[in-house]
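# Working through the structure, step by step
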Protein chains: 2
Amino acid sequence: MATIKDIAQIVGVSCTTVSNVIHGKSGRVSAETISRINDAIETLGYVPNMSARSLVSNSSKVIGVINHLVPSSSGSFVEDPFHSAFIGSIEHTLRKNGYYLMLRTVEDSNDLISFLRNWNVDGMFFTGIFKDEFFETLSKFDIPVVLVDSYIKQSNMYNVGLEDYKGGYLATRYLIEQGHKNIIFASPFIKPNGVVDERLKGYKQALLEASLPFREDFIYQQEIHVENGIDLGKKLAKRNDFTAVFATADILAAGIMAGLQQSGKKVPDDISMIGFDDINLCQLTTPSLTTIHQDATLKGELAVDFMMKRLEGVPIKNKEVILPVSLVKRNSVKKINGQI
Amino acid sequence: MATIKDIAQIVGVSCTTVSNVIHGKSGRVSAETISRINDAIETLGYVPNMSARSLVSNSSKVIGVINHLVPSSSGSFVEDPFHSAFIGSIEHTLRKNGYYLMLRTVEDSNDLISFLRNWNVDGMFFTGIFKDEFFETLSKFDIPVVLVDSYIKQSNMYNVGLEDYKGGYLATRYLIEQGHKNIIFASPFIKPNGVVDERLKGYKQALLEASLPFREDFIYQQEIHVENGIDLGKKLAKRNDFTAVFATADILAAGIMAGLQQSGKKVPDDISMIGFDDINLCQLTTPSLTTIHQDATLKGELAVDFMMKRLEGVPIKNKEVILPVSLVKRNSVKKINGQI
DNA sequence: TTGTAAGCGTTATCAG
DNA sequence: CTGATAACGCTTACAA
């Protein structure tokens, strides 16, 4: 555990000089001293103590990735493969820029604030659904916050979002174009102004344009879990008043499809299915799943991009970036003539 | 940002007393002072500065979860849903015990050591494949290390493993029992003493017991990726000298199955498939995937269990825990009479 | 070009 | 029961 003091002692200079060399303020030090210091750093294997740095400067180089702890399921938070790819992307970019990533779930805003202060966190990413309360609390701190998949706007916060509305619209319109008139909408619980709500709006708009009625009894909400999807599929198999399902997550879609199939329904012959996300699972189901595509890695990169710019004081023109979505046609939707 | 000093000032006591109260050394402080200090802590919203603590004590409360950065793919490290569940489980348990989780990929052992010293990390988890070099380096440090899915044994390291050998054996024997004689073994690259190698040994043993020859040309290795699986499936579809495939990961198995099906092969009628892990994807494929089951959450909990015991100095009788595996029969394996 | 010294928030030692 | 004070490793005015 070599320290700056050790280096200074060995080379025969003061701590200041060593510190200066480390930080590349070489203009103030003679070339010879620099190389001797660098040698010593090398041979002693000196590495800065981040805690000490963090204490004296007001930057900790720690970035938090915050997840809301869903009370029900214990460790469920990274279950979504999409989320994983996203975190991987963040870690990678952060690291390249000299930052460290702390993964943290929080139960309430007190939890959050404590964490923030405990480590003097430089910035935070939020992914997923949080209560508004969180953001109100957070807006009091002058710390960069990047919100992923959230429609909350606050002064010190940046949003990385998706064309959710468009995604919902595209999926639904496509089904309608294929002759479907009675379309189930399956999703996690719909929170006002959340991503799902946007997708639902897109769904409604597509119906409206086609002069189809919006039916409350076509909306199904549940936690996103394979098992829930399968159960829902089985339940739906008993209804005979619909021909298509739009699920706002591929996992859910795949689950529903499996449930339907297990109950003797054929996809897409009896029921057409469309998902959302385009995770690699889509290529593995039979039939392969038609879905709305989004790019998780890019999402992560853009999120970090925001963060880095803010941390380095680069001016940001636009506080929001919306990733495009697109329809990926595979084999789970069938054209029908709409007689139901 | 209230500090201990602030509290001390307001209550009219010294820092020492405040610190003592915070740490519950209440025996040394009057009841009245205690409650006044606690009140002040409450109203000022005091939260300890971990950097300062870390600097003075030699515990940082930071636990690293280390992933080896596969040079090829940029942010691939948490892509595996299994791995995600595992990390979620770790974060949860760690948090309950007052620790913080830093996620970090490393490129080489220098990276690792730097990270270690940067934060004075209290302990580390390793998941996945690392070069032996890493562990040699690491064994010089007196820091608890928990290895997941690794067969490396070192003095200060603990292993959380799986019955990999048994898994490979069970899968293969089951196929043989169903009449299969020519069984492809598909896996990621086989590293001596790695988990895959163990599974391969189980495969060989099952063959041996059935007096079936081991054929080098039945072994396929590639990175685990859905696309690779699909490609392999298509390639395999051109061979006619086998009736079953054992893939050492469900993702791979599902990919191969899709590739086979896309090439006109029927599963399980033409080819039987068996996977490994039992991720929820298994229930979503058609046919559903027969596989070897393991419990990711439990794995995470046991890993943290080791860590906590070591950190708290609880004596550990056994430095290794091996989780059981079991065969889960679904619909991707067919009984044949073995004429090929 | 280099050195001195104060201070970041906390804990620990020792004295009162 | 309580309080000074030093120390952890580092940065940064300011001085030389």
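Chain A carries the name LacI family transcriptional regulator in an unreviewed UniProt entry, which gives Mobilisporobacter senegalensis as its organism.

### Digging into the interface of chain B and chain A
The interface is formed by 54 residues belonging to chain B together with 54 residues belonging to chain A. Both faces considered, chain B and chain A share a buried interface measuring about 5,000 Å² in area, 58% of it formed by carbon and sulfur atoms. At the surface where chain B touches chain A, the tally comes to 4 salt bridges. For E107 of chain B, the salt bridge goes to R95 of chain A, with nearest N and O atoms at 3.4 Å. Along the contact surface separating chain B from chain A lie 23 residue pairs in polar contact (both at pLDDT 80 or more).

### Points about the confidence of the model for chain A
In this model, chain A carries a mean pLDDT of 89, and residues with pLDDT of at least 70 account for 94%. Note that residues 71–79 of chain A has pLDDT below 50 and, in this model, 18 contacts with residues that lie over four places away or in other chains.

### Examining the packing of helix 10 (residues 226–236) of chain A against helix 11 (residues 250–262) of chain A
Residues and elements named next belong to chain A. One can describe the packing of helix 10 onto helix 11 by two numbers: an axis separation of 6 Å at closest approach and a directional angle of 45°. Overall, the two elements helix 10 and helix 11 adopt an arrangement that is oblique. Remark: the crossing between helix 10 and helix 11 carries right-handed chirality. Taken together, the residues of helix 11 that come into contact with helix 10 (itself represented by V226, G229, I230, L232, G233, K234 and L236) are I251, L252, G255, I256, A258, G259, L260 and Q262. In the contact of helix 10 with helix 11, the residues fall into 9 nonpolar, 5 polar and 1 charged.

### Digging into the protein's contact with DNA strand D
Taken together, 23 residues lie around DNA strand D, and I4, H23, Y46 and R53 of chain A together with T16 of chain B are the ones closest in. The contact in question runs from a base nitrogen of DNA strand D to an N or O atom on the side chain of T16 of chain B, over 2.4 Å. In this structure, S30 of chain B approaches DNA strand D through a main-chain N or O atom, which is 2.8 Å from a phosphate oxygen. Looking at the surface near DNA strand D, the elements that each hand over two or more residues are helix 2 (15–22) and helix 4 (50–56) of chain A together with helix 2 (15–22) and helix 4 (50–56) of chain B.

### Let's talk about a negative patch on the surface
All names here are of chain B. Side chains of D108, D132, E133 and E136 sit close together on the surface and give a patch of like negative charge. Of note, E133 is situated in helix 7 (residues 132–139). Overall, the relative accessible area of 36% leaves E133 in the partly exposed class.

### Quick word on unusual backbone geometry
A cis amide bond links T286 of chain A with the next residue in sequence, P287 of chain A, at an omega value of -5°. Here P287 of chain A shows up in the loop between strand 9 (272–274) and strand 10 (291–293). Positioned with a positive phi, K61 of chain B is a non-glycine residue whose angle comes to about 65°. If you trace the backbone, K61 of chain B turns up in the loop between helix 4 and strand 1 (62–68). Among the residues examined, K61 of chain B registers a relative accessible area of 28% and is labelled partly exposed. At S211 of chain B, a position not held by glycine, the phi torsion is positive, near 60°.

Conventions adopted
Residue indices begin from 1 for each chain and proceed along its sequence in written order. Chain letters and ligand numbers both follow the written order, the letters beginning at A and the numbers at 1. pLDDT decides what is reported in this predicted model: residues at 70 or higher carry local features, side-chain atom pairs at 80 or more are listed and counted, and totals for whole chains, interfaces and linings draw on all residues regardless. Water and hydrogen atoms play no part in the side-chain values, which are based on all heavy atoms of the structure. Contact definition: two residues touch when any of their heavy atoms are within 4.5 Å. Throughout, the accessible surface (probe 1.4 Å) given up by two parts as they are put together, summed over both, is called the buried area. Salt bridges are defined as contacts in which a side-chain nitrogen from Lys or Arg sits within 4 Å of a carboxyl oxygen from Asp or Glu. Here a polar contact is taken to be a pair of N or O atoms separated by no more than 3.5 Å, where protein atoms must pair a possible hydrogen donor with a possible acceptor and residues adjacent in sequence count only if both atoms sit in side chains. On a scale of 0 to 100, pLDDT captures the predictor's confidence in every residue. A fitted line through C-alpha atoms represents every axis, and for helices the fit uses only the stretch in contact; the resulting angles, taken between N-to-C directions, go from 0 to 180 degrees. Secondary structure elements are taken from DSSP: a helix is a run of H or I of four residues or more, a strand is a run of E of two residues or more, and numbering for both begins at the N terminus. To sort the angles, those under 35 degrees are grouped as roughly parallel, those over 145 as roughly antiparallel, those from 65 to 115 as roughly perpendicular, and the leftovers as oblique. Each crossing gets its hand from how the near helix is turned against the far one by less than a right angle, where anticlockwise is left-handed and clockwise is right-handed. We call Asp, Glu, Lys and Arg charged. Ala, Val, Leu, Ile, Met, Phe, Trp, Tyr, Cys and Pro are nonpolar, and the rest, Gly among them, are polar. Note on terminology: near, applied to a residue and a molecule or strand, indicates that one of the residue's heavy atoms is within 4 Å of it. Patch membership needs two things, relative accessible area over 30% and no salt bridge, and members are linked within 9 Å if like-charged or within 5 Å if nonpolar (Val, Leu, Ile, Met, Phe, Trp, Tyr). Method for areas: the Shrake-Rupley scheme with a 1.4 Å probe, in which residue coverage is limited to the protein chains shown. Here the positive residues are Lys and Arg and the negative ones are Asp and Glu; neither His nor the chain ends is included. By convention, charge coordinates are those of NZ in Lys, CZ in Arg, CG in Asp, or CD in Glu. Throughout, exposure labels follow a simple rule: accessible area from a 1.4 Å probe, protein chains only, divided by the maximum for the residue type, with under 20% read as buried, over 50% as exposed, and the rest as partly exposed.

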